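Structural overview
Letter by letter, the chains look like this.
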Amino acid sequence: MKIIKKIIRAILFRTNHRYHLISEKAGQVYYSLFGSKVECNICHYKANILNSDSWHQFSVCPNCGNGVRQRLLWATLTSTKDWNIDKIIKNRAVLHFAPEKALSGLIEPVAQKYKTADLLAEGYTYPDIDYNMDISDMHQLQDMEYDCIIACDVLEHVYDDKKALREVHRVLSKGGHCIFTVPQKDNLEKTYEDLAVTDPKEREEKFGQIDHLRIYGNDFVQAMNAAGFDTIEVDENNFDKKQQVKNVLFPPVLSNHPLATNYRKIFIGHKS
């Protein structure tokens, strides 16, 4: 075993960039045999550390590209008692806005009906989208047509997010669920919105991205409740410390960016 370990380590750490693919395959063999510090719970990529982006260090899976919010969502669907995939998605009609490819591949086979949607604005391209529509105006859909609606980091792009929440409530069946994530500035109590800001640079400075219209605060739950949902929040504290660290359900290093969402939450709304 020690000899095998040495051989794999040599392949993993000593090959040059030309043999990167071989190195990655060897790396997964190595970590599968001898263990890893972290593992993406979506694609099961194993490593001792994940990649970084401009906002968060060591939080992005180099294989599927998903970050904390997607892994936290999948952990919610696979590791909780009350909001797991069997209860809110299996054999149900699911509408997924701005679908993440890796998550789509896991959700679609479980759902009875699975459709995708997005408003295909300039600069954004999603192949195989079923509905090109605004989440705040889903006139193509009937009342109570879907049992679950998923929209991760979508509402900050929408001009009237309150109307969007009401539309989601309309389209959901009785007993159905919606799942949201939104970018929230750390320790911001009230959502900051200024629709008069149209300059992309100013939007980036105020809201974190050139096409964002607001930065959410801790009042997002109240906004969901006002739209008619019974809302719960799921964060890393819903999971034991071992799973938090192993699946990187919380940034290993807190970002010092003034608009960073260090404390990601999954918002689940129930239509009674």
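Computed from a predicted model, the values in this text were never measured in an experiment.

Within strand β6 (residues 146–152), 6 of the 7 residues are buried, which leaves it mostly tucked inside the rest of the structure. Direction of pairing for strand β3 (residues 93–97) relative to β6: parallel, over a ladder of 4 bridges. Within β6, the position partnered with H96 by the bridge is I150. Relative to strand β7 (residues 172–181), β6 is paired through 6 bridges, and the arrangement is parallel. Among the inter-strand pairings, C152 is bridged to a residue of β7, identified as T181.

Across 5 bridges, β3 lies against strand β4 (residues 113–118) in parallel orientation. Within β4, the position partnered with F97 by the bridge is A117. With helix α5 (residues 101–107) bridging β3 and its parallel neighbour β4, the resulting β-α-β unit is right-handed. Here β4 pairs with strand β5 (residues 131–132) via 2 bridges, running parallel. Its bridge partner lying in β5, A117 is registered against Y131.

By the definition in use, this model includes 5 aromatic pairs. Centre to centre, the rings of Y192 and F207 are 5.5 Å apart; their planes meet at 45°, and the pair counts as tilted. Of this pair, Y192 sits in strand β8 (residues 192–193) while F207 sits in helix α7 (residues 200–207), placing them 15 residues apart in sequence. Judged by relative accessible area, Y192 falls into the partly exposed class, the value being 35%. A residue is classified by how much of its surface remains accessible, and F207, at 1% relative accessible area, is buried. A centroid spacing of 5.4 Å and a plane angle of 50° characterise the contact between F250 and Y263, whose relative ring orientation is tilted. Note that F250 is positioned in the loop between α9 (241–246) and β11 (266–270) and Y263 in the loop between α9 and β11, a separation of 13 residues in sequence. According to the relative accessible area criterion, Y263 is partly exposed, its value standing at 39%. Within the aromatic cluster, the residues linked to one another by ring pairs are F180, Y216, F220 and F267.

A few words on the sheet that holds β3. Pairing between sheet strands relies on hydrogen bonds along the backbone, with the strands arranged either parallel or antiparallel. Overall, mixed pairing links the 7 strands, which are arranged β5-β4-β3-β6-β7-β11-β10 in an open sheet. Two strands in the sheet have a free side with no partner beyond their single neighbour: β5 and β10 (230–234). When β10 meets β11, the two strands line up antiparallel, connected through 5 bridges. Each residue of the ladder has a partner; that of V234, found in β11, is I266. Sitting on the sheet, helix α6 (residues 161–171) is in contact with β6 and β7, with an inclination near 145° to β7.

A word on α7. For α7, the capping residue at the N-terminal end is D199, with a side-chain oxygen 3.2 Å from the backbone nitrogen of K201. Among the residues trailing α7, G208 stands out with phi positive, at a value near 100°.

Structurally, the position occupied by D153 is in the loop between β6 and α6. In this structure the side chain of D153 is engaged in a polar contact, spanning 3.2 Å, whose partner is the side chain of R69. Separated by 2.9 Å, the side chains of D153 and R264 make a polar contact.

Here N238 shows up in the loop between β10 and α9. The class for N238 is partly exposed, based on a relative accessible area of 37%. For the pair N238 and T80, spaced 158 residues apart in sequence, the C-alpha separation works out to 8.0 Å. Setting aside residues up to four positions removed in sequence, N238 forms contacts with W83 and E233.

Looking at the secondary structure, you find L50 in the loop between β2 (46–47) and α3 (68–79). Taking the relative accessible area as the measure of exposure, L50 reaches 4% and is therefore buried. Linking L50 and P62, residues 12 residues apart in sequence, is a C-alpha distance of 6.7 Å. Those residues in contact with L50 that sit more than four places away from it in its chain are V38, F58, S59, V60, C61, P62, R71 and V248.

Procedures and definitions
Each chain has its residues counted from 1, running along the sequence as written. Selection of residues for local features in this predicted model requires a pLDDT of at least 70, selection of side-chain atom pairs for listing and counting requires 80 or more, and totals for whole chains, interfaces and linings are taken over all residues. In computing side-chain values, all of the structure's heavy atoms are included and hydrogens and water are not. Only protein chains enter the calculation, and the probe is 1.4 Å; a residue is then buried if its accessible area is under 20% of its type maximum, exposed if over 50%, and partly exposed in between. Strands are runs of DSSP state E lasting at least two residues, helices are runs of H or I lasting at least four, and both sets are numbered from the N terminus onward. For two strands to be treated as a pair, DSSP must find no fewer than two bridges joining them. With the strands aimed away from the viewer, a crossover counts as right-handed if its path from the first strand over the helix to the second runs clockwise. Any Phe, Tyr or Trp ring, taking Trp's six-membered ring, that has another such ring centre within 6.5 Å forms a pair; planes under 30 degrees apart are called stacked, those over 60 apart edge-to-face, and the others tilted. Any pair of residues with heavy atoms lying within 4.5 Å of one another is described as a contacting pair. Interaxial angle, 0 to 180 degrees, is taken between N-to-C directions of lines fitted to C-alpha atoms, where a helix line uses only the stretch in contact. The term polar contact refers here to a pair of N or O atoms within 3.5 Å; inside protein, the definition further demands a hydrogen-donor-capable atom paired with an acceptor-capable atom, and it admits residues adjacent in sequence only when both atoms are side-chain atoms.

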